[in-house]
Amino acid sequence: GTILPRRRTQSGKATADASFPATTRPGRSPPHSAPASYPAYDYEKDPKGSFLKICDMLIAEITAELPTHYDLPPRETKWLNDMLEYNTKGGKMNRGLMVVESGVSILRARGETLSNENLCKMAVLGWAVEWLQAWLLVADDIMDSSVTRRGQPCWYKKIGDAWYIAINDAVTIEALTFKIIKRHFANDECYVKLLDLMMETTLQTELGQLSDTLCDVLDLKDLTPSRWELIVTYKTSFYSFYCSVALGMVYAGIDDQTAYDAARDILVTMGVYFQAQDDYLDCYGTPEQIGKIGTDIQDKKCGWLFTKAYHELCSEDERKFLDEHYGKCKVGTPEEKKIKELYTSLGLKEMYAKYEQESYDKIMKLKDTTGRQLEEAGVPWEVFEKFLKKVYKRSK
């Protein structure tokens, strides 16, 4: 095969001058042209503001290229610009910020000086995770008939009668996620590993979504605690926790398989706890608090509260009531309120508080075992502790 010429970037990483003849069109700028310079990134004093500036840069790059490289008319270009502004921003950005924080911790532990380009490129990877989540949420809201997301109408609701365009918008965000990785990393040695991680994470998440949506056609007896754990491991843990840290590890040049295995074990455990937390807040959190209207009971979700109640705590009569109404009542109806009251009377609030503390303690105990393995591979324990602190006992 052809051996690509190697060069060095500012950060010292060996790279290749990539060539993509199948997608490069004559007379048009290459679809992987990275910027000549990045905006100033103030990691210490304005981490969130600096991170948001990178999203603005990515949207601007895409909308500038659409008319010239893809012949997209002004109306369609404006649609995609507005769609990206609406759907990629407005979240807590924990997933994306953790890519930057993970990479910074690893590089600093090695004694490396962080360049502005390092920080901006890690932020690009952070937005790759945020855009992955954005397209998943656009699709998920359609499948769940959700009403609000991040304190505003779901995208398909905002569109109105042409709601079905949101399906195409979701998969367009997915395609653009890989586009931004190509633009900014095609000439980096880690490019293929980044693509592999993102593609694998996307598949894992979609398989989790399948297991979740199939619950619509299953009997309640099939919505078991073990099924819940399968769903949340694949639908939530990999993309919400493992992917963020693994992207930072890949960018920082970590190649040790045991380090990735150890990180995965910790972060999947964290993700399972996070989803139990999400299920709890869907029931007991207010729309103002969590930024959406909880619909898990209406949607017949295989959730932490339901599986505990139905399979472990309910009497025969209580289980019969769930059989008659769970997944069949609308938000705010007396039946939905009675299911929530049943959860409370069964002691699920107290059970959740105990589960939350036990989950935290379980993760922190790994510091002296798994944490040491990671430290030896160059991944500081602080990476995992920072992530845990972001979600432990959260209320939104």
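Above this text sits the structure in question.
Residues numbered from 1 in each chain as written. Predicted model: local features only at pLDDT ≥ 70, side-chain atom pairs only at ≥ 80, totals over all residues. Heavy atoms only, no water.

(A) Examining the overall build of the protein chain more closely. Summing up its helical and strand segments, the protein chain has 16 helices and four strands in all. Its C-alpha radius of gyration of 22 Å places the protein chain within 12% of the 21 Å reference for a compact globule of 396 residues. Referenced to the eigenvectors of the C-alpha coordinate spread, the extents of the protein chain come out at roughly 70 × 55 × 45 Å. Burial statistics for the protein chain: of 396 residues in total, 53% are counted as buried. Sequence-distant contacts in the protein chain: of pairs separated by 6 or more residues, those separated by 24 or more amount to 75%. (Helix = DSSP H or I, 4+ residues; strand = E, 2+ residues; numbered from the N terminus. Rg over C-alpha atoms; globule rule 2.2 N^0.38 Å. Buried < 20%, exposed > 50% of the residue type's maximum accessible area, 1.4 Å probe, protein only. Contact = heavy atoms within 4.5 Å.)

(B) Quick peek at the state of the cysteines. Across all of its chains, the model carries zero disulfides by this definition. Here Cys-302 is not cross-linked by a disulfide; its sulfur's nearest cysteine counterpart is in Cys-215, at 4.7 Å. Among the residues examined, Cys-302 registers a relative accessible area of 5% and is labelled buried. (Disulfide = S-S within 2.5 Å.)

(C) A look at a nonpolar patch on the surface. There is a patch of nonpolar side chains on the surface, built from Leu-203, Leu-207, Leu-210, Leu-214 and Val-217 and spanning about 450 Å² of accessible area. With a relative accessible area of 40%, Leu-214 lands in the partly exposed category. (Patch = residues over 30% accessible without salt bridge, like charges linked within 9 Å, V, L, I, M, F, W, Y side chains within 5 Å. Areas by Shrake-Rupley, 256 points an atom, 1.4 Å probe, with all protein chains shown as cover. Salt bridge = Lys/Arg side-chain N within 4 Å of Asp/Glu carboxyl O.)

(D) Just the environment of Tyr-191, in detail. Along the chain, Tyr-191 turns up in helix α7 (residues 191-213). Here the alpha-carbon distance between Tyr-191 and Tyr-251, two residues 60 residues apart in the chain, equals 8.9 Å. If we skip the residues at most four places from it in the chain, Tyr-191 touches Phe-20, Ile-181, Lys-182, Phe-185 and Ala-186.

(E) Highlighting the packing of aromatic side chains. Scanning the model with the defined rule gives 17 aromatic pairs in all. Seen in terms of ring centroids, Phe-185 and Tyr-251 are 6.2 Å apart; in terms of plane orientation they differ by 85 degrees. Their pairing is edge-to-face. Pair noted here: Phe-185 is in helix α6 (residues 165-185) and Tyr-251 is in helix α8 (residues 225-251), with a separation of 66 residues, a long-range link. Residue Phe-185 shares its accessibility class with Tyr-251, and that shared class is buried. A ring pair is formed by Phe-241 and Phe-274, whose centres lie 5.2 Å apart and whose planes are at 65 degrees; its orientation type is edge-to-face. Within this pair, whereas Phe-241 is found in helix α8, its partner Phe-274 is found in helix α9 (residues 257-284), the two being separated by 33 residues in sequence. Both residues of the pair, Phe-241 and Phe-274, belong to the buried class. Site record: aromatic cluster; members linked through ring pairs are Tyr-280, Tyr-284, Trp-304, Tyr-352 and Tyr-355. When the ring centre of Phe-20 is taken as reference, the NZ or CZ atom of Lys-182 above it lies at 4.4 Å. Above the ring of Phe-321, the side-chain terminus of Lys-338 is found at 4.7 Å from the ring centroid. (Phe/Tyr/Trp six-rings, centres within 6.5 Å; stacked < 30°, edge-to-face > 60°. Lys NZ or Arg CZ within 6 Å of the ring centre and 35° of its normal.)

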